[in-house]
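# Observations on the three-dimensional arrangement
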Amino acid sequence: RVVGLIVRQKFPMDGSMTGDIKIVRTVKDLRAQVEAWKKDGLKVALVPTMGALHIGHMSLIDEAKTKADRIIVSIFVNPTQFAPHEDFDAYPRQEADDAAMVAGRGGHLIYAPTRDEMYPEHFSTSIQVGGISQGLCGDSRPHFFGGVAIVVAKLLLQALAHVAVFGEKDYQQLLVIKRMVRDLNIPTEIIGAPLVRDEDGLATSSRNKYLSAEDRAQALALNRALKAVTEAVGSGATAPQAIVKGAQILMAAGIERIDYLDLRDAETLELIDGPVTRPARVFVAAHVGPARLIDNMAVPAMPPEA
Ligand code: PAF
């Protein structure tokens, strides 16, 4: 029997399915539920999150629903992926609202482990995914991918779902997770889901909650810069020329702390410093008001000259 807390949904979301959703907090209860579903021949998906759910997370649930019969959303603000000076304490926590959103979107179970369940006393193991986790966020947040790798490996091994869905908003994270899962033979298929933007073009993020109206107006320059880089490549600019166009937009918007604005190979994340002759992606990370925001966009390769 799976023992869980039943959260009664307080309000219907988007007019979609309403009802109760169970929250489990231990690996034992999570596994009991997953095993019961598997015994019934059901396909199970895991959507790992840190909570403070928004429309971007809902799109991950939608993607999971196309691949599986039962959807688990995990909610855990993972301390090991924050440096001491970062926003772990301030990170928004709103479990009841999150539970209502997951129920309303057709999720079936929330896994919200305690810190002790994830990191018991004398926890000693680390995972370092080389190569792909260097550069970009690996440079500006050196602790980050180690923390993500260990918590995601644990979540995947705890749930043993058939598939797990991650957003392309955190594109480098998605590639790091895919590499780790392949290297360690973790038996879960990793699915990437497209980035979701709000109507004004800002990439959805739990950290957007930190932005004032003025910050938000300034943050829109990120999307504009990515578009400018993509368009410049489309009209024949080399990677460095295109990056200059994007950087000009960020600077004109008054954004001063730019961690990176890079054009990289979409698969290997190798930096491109000449003509863009293979599928690429442009990545940005910048500080706006109290938030560090990231965004990225696909950049099609230039067609070879006839
Ligand atoms: O992308 C996130 O929300 C987190 O990095 C993840 C994958 C849930 C691990 O804590």
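Residues numbered from 1 in each chain as written. Predicted model: local features only at pLDDT ≥ 70, side-chain atom pairs only at ≥ 80, totals over all residues. Heavy atoms only, no water.

## Remarks on the confidence of the model for the protein
Mean pLDDT over the protein: 94, with 93% of residues reaching 70 or higher. This stretch, residues 7-18, has a pLDDT under 50; its non-local contacts, to residues over four places away or in other chains, come to 26 contacts. (pLDDT = per-residue confidence, 0-100. Contact = heavy atoms within 4.5 Å.)

## Observations regarding the pattern of salt bridges
Taken as a whole and judged by the stated rule, the model has 12 salt bridges. For Glu-168, the salt bridge is made with Arg-281, and the minimal N-O distance between the two is 3.6 Å. Of this pair, Glu-168 sits in the loop between strand S6 (163-167) and helix H7 (171-183) while Arg-281 sits in strand S9 (residues 280-288), and the two are 113 residues apart along the sequence. The shortest N-O distance in the salt bridge between Asp-262 and Arg-264 comes to 2.9 Å. Given a relative accessible area of 11%, Arg-264 falls into the buried group. One salt-bridge network, in which partners are shared between bridges, spans Asp-198, Asp-200 and Arg-216. (Salt bridge = Lys/Arg side-chain N within 4 Å of Asp/Glu carboxyl O. Helix = DSSP H or I, 4+ residues; strand = E, 2+ residues; numbered from the N terminus. Buried < 20%, exposed > 50% of the residue type's maximum accessible area, 1.4 Å probe, protein only.)

## What about the site of the ligand?
In the vicinity of the ligand, the contacting residues are Pro-48, Thr-49, Met-50, Asn-78, Gln-81, Val-148, Val-151, Val-152, Phe-166, Asp-170 and Gln-173. A distance of 2.6 Å is found between an oxygen atom of the ligand and a side-chain nitrogen or oxygen belonging to Gln-81. Notes on the ligand: free accessible area 290 Å², of which the protein chains cover 88%. Those elements that provide at least two residues to the shell around the ligand are strand S3 (44-49) and helix H6 (144-159). Ranked by residues supplied to the shell around the ligand, first place goes to H6 with 3 residues. (Near = heavy atom within 4 Å. Polar contact = N/O pair within 3.5 Å; in protein donor to acceptor, adjacent residues only side chain to side chain. Areas by Shrake-Rupley, 256 points an atom, 1.4 Å probe, with all protein chains shown as cover.)

## Concerning the side chain of Arg-141
Along the polypeptide, Arg-141 turns up in the loop between helix H5 (137-140) and H6. By relative accessible area, Arg-141 is classed as buried at 6%. Each residue touching Arg-141, except ones within four places of it in the same chain, is listed here: Gln-81, Phe-82, Glu-86, Arg-207 and Arg-292.

## Thoughts on the pairing of S3
With 6 of 6 residues buried, S3 lies mostly within the body of the structure. Alternating positions in S3 separate into two faces, Val-44, Leu-46 and Pro-48 on one and Ala-45, Val-47 and Thr-49 on the other, with burial throughout. Both S3 and strand S4 (residues 70-75) contribute to a ladder of 6 bridges, which runs parallel. Looking at the pairing, Leu-46 lines up with Ile-72 of S4. Taken together, S3, helix H2 (residues 55-67) and S4 form a β-α-β motif whose crossover is right-handed. Sheet analysis places S3 next to S6, joined by 2 bridges and oriented parallel. Of the residues in S6, the one forming a bridge with Leu-46 is Ala-164. (Pairing = 2+ DSSP bridges. Right-handed = clockwise from strand over helix to strand, strands pointing away.)

## Brief notes about the environment of Glu-121
Relative to the helices and strands, Glu-121 resides in the loop between helix H4 (115-118) and H5. Residue Glu-121 is classed as exposed on the basis of its relative accessible area of 69%.

## Considerations on the sheet that holds strand S10 (residues 291-299)
Taking strand neighbours across the sheet as the criterion, the 3 strands line up as S8-S9-S10 in an open arrangement whose pairing is antiparallel. In this open sheet, the two edge strands, each paired with only one partner strand, are strand S8 (258-265) and S10. Between one strand axis and the next, the sheet turns by 10° as a mean value, whatever way the strands run. Both S8 and S9 contribute to a ladder of 7 bridges, which runs antiparallel. Among the inter-strand pairings, Tyr-260 is bridged to a residue of S9, identified as Ala-285. With respect to the sheet, helix H9 (residues 239-252) is in contact with S8 and S9, its orientation differing from that of S8 by roughly 150°. (Axes fitted to C-alpha atoms, helices over the stretch in contact; angles between N-to-C directions.)

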